[in-house]
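In case you want the letters, here they are:
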Amino acid sequence: MKSGLSNPMVKIVFYAILILWGISVIYPLLWTLLDSLKNNDQFFRKMPWSLPDFPLLWSNFSYVWREFSFGDYFLNSVVVTIGSTLLGLLLSATTAYVLARYPFRGSTALFLLYIASMMIPFSLALIPLFFLMNSMHLTNSSLGLILVYASTLIAFGIFVLVGFFKSLPKELEEAAAMDGASYFGIFFRVMLPLSQPGLITVGIVNVLNIWNEYIIGTILVNDPKHYTLPVGIAMMQAQMQYRTEWGPLFAGLLITIVPVLIMYMFFQRQIASGITAGAIK
Amino acid sequence: MKLGTNAWQRNLFIATFIIPTFLFFCVFTVYPVLQAMYYSLYDWSGSSDNKTFIGLDNFKEMLHDPIIWIGMGNDYFLVAGKIIGIMILATFFAVALTRFKFRLANFFRSIFFIPNVISVVVIGVLWNFIYNPQIGFLNSFLSLFTKDKVDITWLGFTSHTIWMLLPPAIWAGIGFYMILLIAAIQGIPESYYEASSLEGAGQWHQFRHITLPLIWEQMKVSILNIMMTTLNGSFVIVMIMTNGGPDNTTQVMGSYLYQMAFTQYHFGYGAAIGVLILVLSMITTVILQRLMRQETIEIS
């Protein structure tokens, strides 16, 4: 049996392509770090790839954190991301469980309605969503963002979790029912703990999406106190036309990237399974 | 007590688990979508007294609006460019990292996915810096080979500036589809490859006659997904990198919707652009599915 490539030349070329692409991914992250430690003078005097001068300007980080309110943005992003993911998981897991285990008249149609909604371009809903939230006094508030983001999670969550609940054995529920557990008790004390892998998969994929989301955040929030990180960065970049502070801008980028990179390192496998689960249509 | 003996309890349980989610879904998804179609029939600047019913006039106006046509052209340019670029590279990486038995394959796979966990806003700002005329990477790099300092404004060409948005879009999109195709390839039984190896088939032959036909389903899903996410979401990178400029030449439908609604307060017209995006993405889905169904028959 042949394994791998036989022709060494082809092998070298393929390796080169993989390494080049790897560099194209890693290098921008590296230079984001290096450039976040420079001052403006170094940007204009030297090459973009040159190393930062000593002393390294770690102060750029505390500067954006305080002067550009990235501390607030960071906190807002954390609150909104966690709040909407938990709410969305609760909303989708409950419905998914019933759809998987207690079919009723119209349950298939309901499932299909949720799935079909994933095909609708979200840009269509932006304008009405703005007026809806405005009329409920939920613009410029983290709660408003949490509600809208949670709603974007429902269809995908139901889709993945119905499959997950169906794959769990029925015996445990039956045993719990024998012991006199109520429907609610079975769900919250038996099924939810069992479905942790599915919940984590759905949760992680949505944490990434919501942490990185820009357009809803910019439409529903125009008070800097409630900006999330992507909106804050876009605003900071827009201001750069008037005052250029490249080092702090890169520090802001890094503050946004590092949390998701850490999440990615820990949950790589769950992210991959979330992608494959979501794409089987 | 057995499950289902008490019908009333069971129904109560079903209702508590179904109804809140459904109400939530209706308020934040169904209602806005229907409302958008309703708004698209009005001339409306956002305040309640200035709303006049104009039927399909918004759509008629689009026919004569050059920016709509530019936006559609740019959208489909990005769709085509991303499908070609992403599918070729993602398929290559997926095959290389599974079938070629490279050492470090898992390492490369982890690295290649990184752009997908980063916000499009961050990616846009990073590429803006690459393209920056004074201090950017690209000009500084080119200046190494020329006598005078290169100062091309990469995002300011009077035409074809949209081409500059294709590299970041492809760079950012590959990892997701690579993971999808890797999963598909790993689902192919190893025995297929062993059998064809015994018959002396090389890597290319195996790719052409085993891998490609067996992952074609996932490739179709990927292509449709690229098309839909591009028509629906490419405007974020446009807004961050060029904001539709120079002179509206890089406008896409989504960014024009945003501009019409939220900076020029033509909410009715903006909603109509949203409906156009919906209609186009449905038509394109049907057309692509037709095209790709024929393709499958050819292969098998």
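Fair warning: this is a prediction, and the values are worked out from it, not measured in the lab.

Moving on, we get to the overall build of chain B. Along its length, chain B carries 12 helices and 2 strands. Helices and strands appear in chain B in the N-to-C order α-β-β-α-α-α-α-α-α-α-α-α-α-α. In summary, chain B has a C-alpha radius of gyration of 25 Å against a globular reference of 19 Å for 300 residues, an excess of more than 25%. Residues counted as buried form 55% of the 300 residues belonging to chain B. Counted over contacts in chain B with a minimum sequence separation of 6, partners at least 24 positions apart contribute 66%. A total of about 13,800 Å² of accessible surface is found on chain B, and carbon and sulfur atoms cover 65% of it. Side chains of chain B carry 15 positive and 15 negative charges; the gap between the two charge centres is 13 Å.

So, on to the interface of chain B and chain A. Contact with chain B, which involves 94 residues of that partner, is made by 95 residues of chain A. Taken together, chain B and chain A are joined by 0 salt bridges. The tally of links from chain B across to chain A stands at 13 residue pairs in polar contact (both at pLDDT 80 or more). In terms of residues, the side of chain B that touches chain A owes the most to one element, helix 1 (residues 7-39) of chain B, which gives 22 residues. The residue inventory of the side of chain B that touches chain A, partitioned by class, reads 66 nonpolar, 21 polar and 7 charged.

Here we take up the side chain of B:Thr29. Assignment of secondary structure puts B:Thr29 in helix 1. Here B:Thr29 falls in the buried class, since its relative accessible area comes to 17%. If near-sequence neighbours (up to four positions away) are discounted, B:Thr29 is found in contact with A:Ser151 and B:Phe24.

With that settled, consider the domain arrangement of chain A. Where interface size is given, it is often the accessible area lost as the parts come together that is meant. Residues and elements named next belong to chain A. Segmenting chain A into domains produces domain 1 (4-35) and domain 2 (68-280). For domain 1 and domain 2, the distance between their C-alpha centres works out to 33 Å. In this complex, domain 1 contributes 5 residues to the contact, which on the side of domain 2 involves 6 residues. Both sides together, the interface formed by domain 1 and domain 2 hides about 460 Å², and carbon and sulfur atoms give 82% of it. Among the residues domain 1 hides against domain 2, the three largest losses belong to Leu-29, Thr-32 and Asp-35. Together they make up 81% of the total. At the boundary of domain 1 with domain 2, the tally comes to 0 salt bridges. Our count for the contact surface shared by domain 1 and domain 2 stands at 0 residue pairs in polar contact (both at pLDDT 80 or more).

Averaged over all residues, the pLDDT of chain B equals 89, while 96% of them reach at least 70. For this predicted complex, the interface score ipTM comes out at 0.91, while the overall pTM is 0.91.

Quick look at unusual backbone geometry now. Residues and elements named next belong to chain B. Within the chain, His-160 stands out as a residue other than glycine whose phi angle is a positive 65°. Turning to its location among the elements, His-160 is positioned in the loop between helix 6 (137-143) and helix 7 (166-186). Here His-160 falls in the exposed class, since its relative accessible area comes to 55%. Phi is positive for Asn-243, close to 50°, though the residue is something other than glycine. Along the polypeptide, Asn-243 turns up in the loop between helix 10 (235-241) and helix 11 (253-263).

This brings us to a nonpolar patch on the surface. All names here are of chain A. The grouping of Met-9, Ile-12, Val-13 and Ile-17 at the surface amounts to a nonpolar patch, some 360 Å² of accessible area in total. Along the chain, Val-13 turns up in helix 1 (residues 8-35). The class for Val-13 is partly exposed, based on a relative accessible area of 41%.

Turning next to the pattern of salt bridges. Residue and element names in this part refer to chain B. Inspection of every chain in the model, using the stated rule, returns 5 salt bridges over all chains. Between Asp-57 and Lys-60 there is a salt bridge, with its nearest N and O atoms 3.7 Å apart. In this pair, Asp-57 and Lys-60 both sit in helix 2 (residues 57-63), 3 residues apart, roughly one turn of the helix. Assessed through its relative accessible area of 51%, Lys-60 is described here as exposed. A salt bridge links Glu-190 to Arg-99; the nearest nitrogen and oxygen atoms lie 3.3 Å apart. Note that Glu-190 is positioned in helix 8 (residues 190-198) and Arg-99 in helix 3 (residues 66-99), a separation of 91 residues in sequence. On the basis of relative accessible area, Arg-99 is assigned to the buried category, the value being 9%.

Rules and cut-offs
Residues numbered from 1 in each chain as written. Chains lettered and ligands numbered in written order. Predicted model: local features only at pLDDT ≥ 70, side-chain atom pairs only at ≥ 80, totals over all residues. Heavy atoms only, no water. Helix = DSSP H or I, 4+ residues; strand = E, 2+ residues; numbered from the N terminus. Rg over C-alpha atoms; globule rule 2.2 N^0.38 Å. Buried < 20%, exposed > 50% of the residue type's maximum accessible area, 1.4 Å probe, protein only. Contact = heavy atoms within 4.5 Å. Areas by Shrake-Rupley, 256 points an atom, 1.4 Å probe, with all protein chains shown as cover. Lys, Arg positive; Asp, Glu negative; His and termini not counted. Charge placed at Lys NZ, Arg CZ, Asp CG, Glu CD. Salt bridge = Lys/Arg side-chain N within 4 Å of Asp/Glu carboxyl O. Polar contact = N/O pair within 3.5 Å; in protein donor to acceptor, adjacent residues only side chain to side chain. Nonpolar A, V, L, I, M, F, W, Y, C, P; charged D, E, K, R; others polar. Domains from an automatic or database assignment. Buried area = accessible area lost by both parts, 1.4 Å probe. pLDDT = per-residue confidence, 0-100. Patch = residues over 30% accessible without salt bridge, like charges linked within 9 Å, V, L, I, M, F, W, Y side chains within 5 Å.

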